[in-house]
Each structure stands twice: as C-alpha cells, then as structure tokens.
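Single-letter residue listing:
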Amino acid sequence: MGLIYSYDIYLRPRHVARALANLAELAPPARVRPPLEITLPGGDRLVLPFTSHFESEPVDCSTSSTLELDTSLMFDVDDALREYAQTNGPEREAGGRIQIGYIYATIRFESLLHPGYTSVECSAATSGMSRLFARSANIRKVFTDLTADSGGVCCLFDTGDGAPEQVCWLNGEPTKETISGPHFPDRRALVATWSDSEN
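Everything quoted here is computed from the prediction, not taken from an experiment.

What to know about empty space enclosed by the protein
One pass over the structure, following the stated rule, counts one cavity of 30 Å³ or more. Of the volumes computed, that of the largest cavity is approximately 40 Å³. Together, Ile9, Ala19, Leu20, Leu23, Val120, Leu146 and Ser150 line the largest cavity. The element contributing the most residues to the lining of the largest cavity is helix H1 (residues 16-24), with three residues. Of the residues in the lining of the largest cavity, the class split is six nonpolar, one polar and no charged.

If you want it as structure tokens, here you go:
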C-alpha cells in the first residue's frame, strides 16, 4: 500500500452544498464524462463535474452516511508542482494552472471527529501525489482557502500513517500546529476549539 495523504475539511452540514460547489470551481474546464447529479441529505441538488466510483449515474445521499467523489482539480504552479510536472507529465493549462491527477473526495456527513460536523476528505491517488501534497504550498493554500470559502472550521493535513495530523487552518486563521502537540494534546482538544457560530 502506498502513501495516502489527505487534506480533511470540517464544516457544519448546512455548508456542504457550498463546499462542493466551490470544489467544482477547481475542476478543469474540459470534461470527457457527463456531469454527476447529487442529492444531499437535506434535499439540496447539485450537478458536479466529477464522477462517483468512476460513474456518472445520479447519486441520492438522502439515506447515505458518505459520498465518494473522483475529482480532478487545478492548482496554480509553484516550484513543487513544476518539478512534479516535469517528472510526471501533466501539462500546464491556460492561466498557469496544472492538473495533477485524481483526488478522491470522501464526504462523511457525520464526521469521525464530531457527528455534528461533516468532513470533506481529499486524498491523493498515488504516493507521488501524496508527497506533492506535503511539499506544495499552493496545494495547501487551495484546501485552506476552500475551508475558508465554504464556512469550514478546520482543515487538517493527514498522512494516514499514524503520524500526528497537522492543523493547517482553524476558526478563520491559517496555522501550523500538530495534534499531539502542546496546543492540541489530542483530537478532542482540537474539536473543543471549533467555533460554533451559526453565521
């Protein structure tokens, strides 16, 4: 099994439709597959430029605890992305952005950290992409910006190997803390800091 690094965004369920719409704005403009129709648990309907389990059949999440999406996203080029492109072949698109491959998004409508929050877990498809997730400041910025723009309370970088998660964004501010560190001895301490504003 290779490396599976992810950026995990936590937000209230009422913000899920906005988060998915914002995620869709990062998709490449050209599409081969037809769009995917999604019905969320609250009844909101979205049409997304992604697939679910590599299919484009409509997905009704009204009785589901999770939604799996296969996404392809665009990122502004930085040194890490430029080096990755030279080795792995993706070409730069108009505007200087680059598409790096599949990113699997798992939406847990009741997150593992707190059932009152939804998580959007965006995982790299390959070990090479996972290493890129760790190195690229622009990839990190895309996910922290997505957290902010979607009304999220927290964004974690998770290496999935038992190492402490890194807290990248918390309650409106970028940060560089770790769980099991002095500020957050465990996940419960982190969740206790999440702002609970209804705005």
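Still more to cover.
What about the packing of aromatic side chains?
On inspection of all chains with the given rule, the structure shows 11 aromatic pairs. Ring centres 5.7 Å apart and planes at 90° place the aromatic pair tyrosine 5 and phenylalanine 157 in the edge-to-face group. Residue tyrosine 5 is found in the segment before strand S1 (6-11), and its partner phenylalanine 157 is found in strand S8 (residues 152-158); the two are separated by 152 residues along the sequence. No difference in accessibility class separates tyrosine 5 from phenylalanine 157, as the two residues are buried. Here the aromatic rings of phenylalanine 54 and tyrosine 104 are separated by 6.2 Å at their centres, their planes lie at 80°, and the arrangement is edge-to-face. Highlighted residues: phenylalanine 54 in the loop between strand S3 (45-48) and strand S4 (59-60) and tyrosine 104 in strand S6 (residues 97-108), separated in sequence by 50 residues. Ring-pair connections join several aromatic residues into one group, and the members of that group are Tyr5, Tyr7, Phe75, Phe133, Phe143 and Phe157.

Focus on the environment of tryptophan 169
Checked against the element boundaries, tryptophan 169 lands in strand S9 (residues 166-170). Taking the relative accessible area as the measure of exposure, tryptophan 169 reaches 9% and is therefore buried. Residues tryptophan 169 and aspartate 145, 24 residues apart in the sequence, show an inter-C-alpha distance of 8.9 Å. Once residues lying within four places of it in the same chain are set aside, the contact partners of tryptophan 169 are Thr144, Thr147, Ala148, Gly152, Val153, Cys154, Cys155, Pro174 and Thr175.

Examining helix H2 (residues 79-88)
Regarding H2, the residues found buried are Ala80, Leu81, Tyr84 and Ala85. Down the axis of H2, the buried set is contained in an arc of 135°. They therefore lie on one face. With respect to the buried face of H2, the exposed residues turned more than 90 degrees away are Asp79, Gln86 and Thr87. Turning to H2, the residues buried within the fold contact strand S5 (66-76), S6, helix H3 (127-135) and helix H4 (137-149). Where H2 begins, the capping side chain belongs to aspartate 78, and its oxygen is found 3.2 Å from the backbone nitrogen of alanine 80.

Quick word on the sheet that holds S4
Pairing is mixed in the open sheet, where three strands are placed in the order S3-S2-S4. Each end of this open sheet is capped by a strand with a single partner; those strands are S3 and S4. The pairing of strand S2 (residues 36-39) with S4 spans two bridges and is parallel. The residue bridging isoleucine 38 from the neighbouring strand is valine 59, located in S4.

What counts as what
Residues numbered from 1 in each chain as written. Predicted model: local features only at pLDDT ≥ 70, side-chain atom pairs only at ≥ 80, totals over all residues. Heavy atoms only, no water. 1 Å grid on protein atoms, 1.4 Å probe; cavity = no way out; pocket = protein on both sides within 12 Å on 5 of 7 lines; lining within 4 Å. Points joined across faces, edges and corners; volume = space filled by probe spheres on them. Helix = DSSP H or I, 4+ residues; strand = E, 2+ residues; numbered from the N terminus. Nonpolar A, V, L, I, M, F, W, Y, C, P; charged D, E, K, R; others polar. Phe/Tyr/Trp six-rings, centres within 6.5 Å; stacked < 30°, edge-to-face > 60°. Buried < 20%, exposed > 50% of the residue type's maximum accessible area, 1.4 Å probe, protein only. Contact = heavy atoms within 4.5 Å. Arc of directions from axis to C-beta. Polar contact = N/O pair within 3.5 Å; in protein donor to acceptor, adjacent residues only side chain to side chain. Pairing = 2+ DSSP bridges.

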